Amino acid sequence: VLSVQLLYAILGLYGWEYIRSSHVEIALIRRQLPFRWPLISYISARLGFLITIILHATQSSPFRTNVDCRSECFVDLDLRR
């Protein structure tokens, strides 16, 4: 129980810091910051850690969802009609 609460606290703190420091990504998108190769590792590490924390938080969520992998719901992607 303590580890789940700690995980949510880390998610909240990192989410806040991610939003506060998102000016780097916004400046890159707006081309206000010149592209440099070290920014690739910076941005990929930020996104990787954010995705990891979110996936851990959803895995330990108290709201369990059942996914039926054998469901009969198929999407017809036949575009030749």
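Bear in mind the structure is a predicted one, so any value in this text is a computation, not a measurement. In this convention, every chain numbers its residues from 1, walking through the sequence in written order. Given that this is a predicted model, residues contribute local features only at a pLDDT of at least 70 and side-chain atom pairs are listed and counted only at 80 or more, while totals for whole chains, interfaces and linings are drawn from all residues. Calculated side-chain values reflect all of the structure's heavy atoms, with hydrogen atoms and water omitted.

Draft legend 1. Highlighting the confidence of the model for the protein chain. In the predicted model, the protein chain carries a mean pLDDT of 80, and 75% of its residues have values of at least 70. By mean pLDDT, helix H1 (residues 2–20) is the weakest element of the protein chain at 85, and helix H2 (residues 23–29) is the strongest at 88. The predictor attaches a confidence to each residue, called pLDDT, with possible values from 0 through 100. What counts as a helix is a DSSP run of H or I of at least four residues, what counts as a strand is a run of E of at least two, and both are numbered from the N terminus.

Draft legend 2. Layout of the packing of aromatic side chains. Only the six-membered ring of Trp is used, alongside the rings of Phe and Tyr, when aromatic pairs are assigned; centres must lie within 6.5 Å, and planes under 30 degrees apart are stacked while those over 60 apart are edge-to-face, with the rest tilted. In this structure the tally under the stated criterion is 3 aromatic pairs. Following the ring pairs from residue to residue traces out a cluster consisting of Tyr14, Tyr18 and Phe49. Across the ring face of Tyr18, the terminal group of Arg46 is positioned such that the distance to the ring centre comes to 4.1 Å. Geometrically, a lysine NZ or arginine CZ counts as sitting over a ring once it is within 6 Å of the ring centre and also within 35 degrees of the ring normal.

Draft legend 3. A look at a nonpolar patch on the surface. A surface patch of nonpolar side chains, about 260 Å² in accessible area, is lined by Leu6, Ile10 and Phe49. Relative to the elements of secondary structure, Leu6 occurs in helix H1. Patch building starts from residues that exceed 30% relative accessible area and form no salt bridge, then joins like charges within 9 Å and nonpolar side chains (Val, Leu, Ile, Met, Phe, Trp, Tyr) within 5 Å. Here the Shrake-Rupley method, with its probe set to 1.4 Å, supplies the accessible areas, and only the displayed protein chains count as covering residues. Just to be clear on terms, a salt bridge is a Lys or Arg side-chain nitrogen sitting within 4 Å of an Asp or Glu carboxyl oxygen.

Draft legend 4. View of the pattern of salt bridges. Counting across every chain of the model gives 2 salt bridges. The partner of Glu17 in a salt bridge is Arg20, with the nearest N and O atoms 3.0 Å apart. With Glu17 and Arg20 both in helix H1, this residue pair falls 3 residues apart, about one helical turn. When the shortest N-O distance is used, the salt bridge between Glu25 and Arg46 registers 2.8 Å. Here Glu25, found in helix H2, pairs with Arg46, found in helix H3 (residues 38–59); they are 21 residues apart in sequence, far enough to count as distant. Residue classification places Glu25 among the buried positions, given a relative accessible area of 14%. According to the relative accessible area criterion, Arg46 is buried, its value standing at 8%. For each residue, the accessible area found with a 1.4 Å probe, counting protein chains only, is set against the maximum for its type, and the residue is called buried under 20%, exposed over 50%, and partly exposed in between.

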